[in-house]
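As a plain string of letters, each chain reads:
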Amino acid sequence: MAMAYPQVRFVLDQDERETFRSPGTGKLDDVLVAVYGAQDAKRLTPVDAVTEGVRVQGYTSENDFWRTDRNRIHVFVNGRIVQDNNLTFAVTQAYQTVLQQGQYPTAVLMVSIAPEEVDVNVHPTKAEVRFRDPSMVFLAVQRAVRESIVGRGHTTVSAL
């Protein structure tokens, strides 16, 4: 939730102990420092591209910063976190010639699309979505991430 709404300060307490606090500055990179730590956040590069009306913004990991699972690939559609294997696959496909099999990036991506192009009522918890043109959204995500890791170099998240 903190990643989806960086302008809101979130505090998580467990057993009367604070375990997480987001700054609420409105900047996603500040939230990423709170979530992943300064060292990992520094290894993320910005993503910002528009393809056929689909805007993809956020951060993805540098080519040499990877994990052995997909747990750090987070995709949000119109401000809502979604579990979409197709979009996760689009992210991993962008790294196809960069990472070896079994290596996965860290990515936090905000996909903005016209509301009429996406149906959020396909799952009771709204965790899954259905796109009018899923291949177009797949291509937009894949292209945005690929352009970021190949074309822009290493502009990184500012660490506090």
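Here's what I pulled together on the structure shown here. All figures in this text were calculated on a predicted structure; none of them were measured in a lab.

What counts and what doesn't
- Residues numbered from 1 in each chain as written.
- Predicted model: local features only at pLDDT ≥ 70, side-chain atom pairs only at ≥ 80, totals over all residues.
- Heavy atoms only, no water.
- Pairing = 2+ DSSP bridges.
- Helix = DSSP H or I, 4+ residues; strand = E, 2+ residues; numbered from the N terminus.
- Axes fitted to C-alpha atoms, helices over the stretch in contact; angles between N-to-C directions.
- Contact = heavy atoms within 4.5 Å.
- Phe/Tyr/Trp six-rings, centres within 6.5 Å; stacked < 30°, edge-to-face > 60°.
- Buried < 20%, exposed > 50% of the residue type's maximum accessible area, 1.4 Å probe, protein only.
- Salt bridge = Lys/Arg side-chain N within 4 Å of Asp/Glu carboxyl O.
- Polar contact = N/O pair within 3.5 Å; in protein donor to acceptor, adjacent residues only side chain to side chain.
- Left-handed = near helix turned anticlockwise from the far one by under 90°.
- Nonpolar A, V, L, I, M, F, W, Y, C, P; charged D, E, K, R; others polar.

Let's shift gears to the sheet that holds strand S3 (residues 44-51). Ordered in space as S3-S4-S7-S5-S6, the five strands form an open sheet in which the pairing is mixed. What marks the edges here is a single partner per strand, and that holds for S3 and strand S6 (80-82). On average, adjacent strands in this sheet sit at an angle of 20° to one another, irrespective of strand direction. Relative to strand S4 (residues 54-61), S3 runs antiparallel, the two being bridged by eight bridges. Bridging from a neighbouring strand, leucine 44 pairs with serine 61 of S4. Taken strand by strand, helix H3 (residues 85-94) contacts strand S5 (73-77) and strand S7 (107-112), and its axis lies near 125° from that of S5.

All right, on to the packing of aromatic side chains then. Enumeration according to the criterion identifies one aromatic pair in this entry. Between phenylalanine 89 and phenylalanine 138, the ring centres sit 6.1 Å apart and the planes meet at 40°, which makes this aromatic pair tilted. One end of the pair, phenylalanine 89, is in helix H3; the other, phenylalanine 138, is in helix H4 (residues 134-151), and 49 residues separate them in sequence. The class for phenylalanine 89 is partly exposed, based on a relative accessible area of 42%. For phenylalanine 138, a relative accessible area of 15% corresponds to the buried category.

Another point: the pairing of S4. Within S4, six of the eight residues are buried, which leaves it mostly tucked inside the rest of the structure. Remark: two residues form the turn of the hairpin made by S3 and S4, two consecutive strands paired antiparallel; glutamate 52 in that turn has positive phi of roughly 45°. Relative to S7, S4 runs antiparallel, the two being bridged by six bridges. Pairing of tyrosine 59 across the sheet is with valine 108, part of S7.

On to the environment of valine 98. For valine 98, the location among the structural elements is in the loop between H3 and S7. For the pair valine 98 and isoleucine 149, spaced 51 residues apart in sequence, the C-alpha separation works out to 9.0 Å. The contacts of valine 98, once residues within four sequence positions are left out, are Asn63, Arg146 and Ile149.

Scanning all chains against the criterion turns up seven salt bridges. The partner of arginine 21 in a salt bridge is glutamate 18, with the nearest N and O atoms 2.7 Å apart. Across the pair glutamate 117 and arginine 132 runs a salt bridge whose closest N-O atoms are separated by 3.4 Å. Of the two residues, glutamate 117 is situated in the loop between S7 and strand S8 (118-119) and arginine 132 in the loop between strand S9 (130-131) and H4; the sequence distance between them amounts to 15 residues. Given the relative accessible area of 21%, glutamate 117 is considered partly exposed. A cluster of three or more residues bridged by salt bridges with shared partners is formed by Arg43, Glu62 and Asp64.

This brings us to H3. Burial in H3 covers these residues: Leu87, Thr88, Ala90, Val91, Thr92 and Ala94. Looking at the buried residues of H3, the elements they touch are S5, S7, S9 and H4. Of the residues flanking the start of H3, the one acting as N-cap is aspartate 84, its side-chain oxygen 2.9 Å from the backbone nitrogen of asparagine 86.

Interaxial distance between H3 and H4 falls to 8 Å at its minimum, and their mutual angle equals 35°. Taken as a pair, H3 and H4 cross one another with a handedness that is right-handed. For the pair H3 and H4, the contacting residues are Asn86, Leu87, Phe89, Ala90, Val91, Gln93 and Ala94 in the first and Pro134, Val137, Phe138, Val141, Gln142, Val145, Arg146 and Ile149 in the second. Tallied by class, the residues present in the contact of H3 with H4 amount to eleven nonpolar, three polar and one charged.

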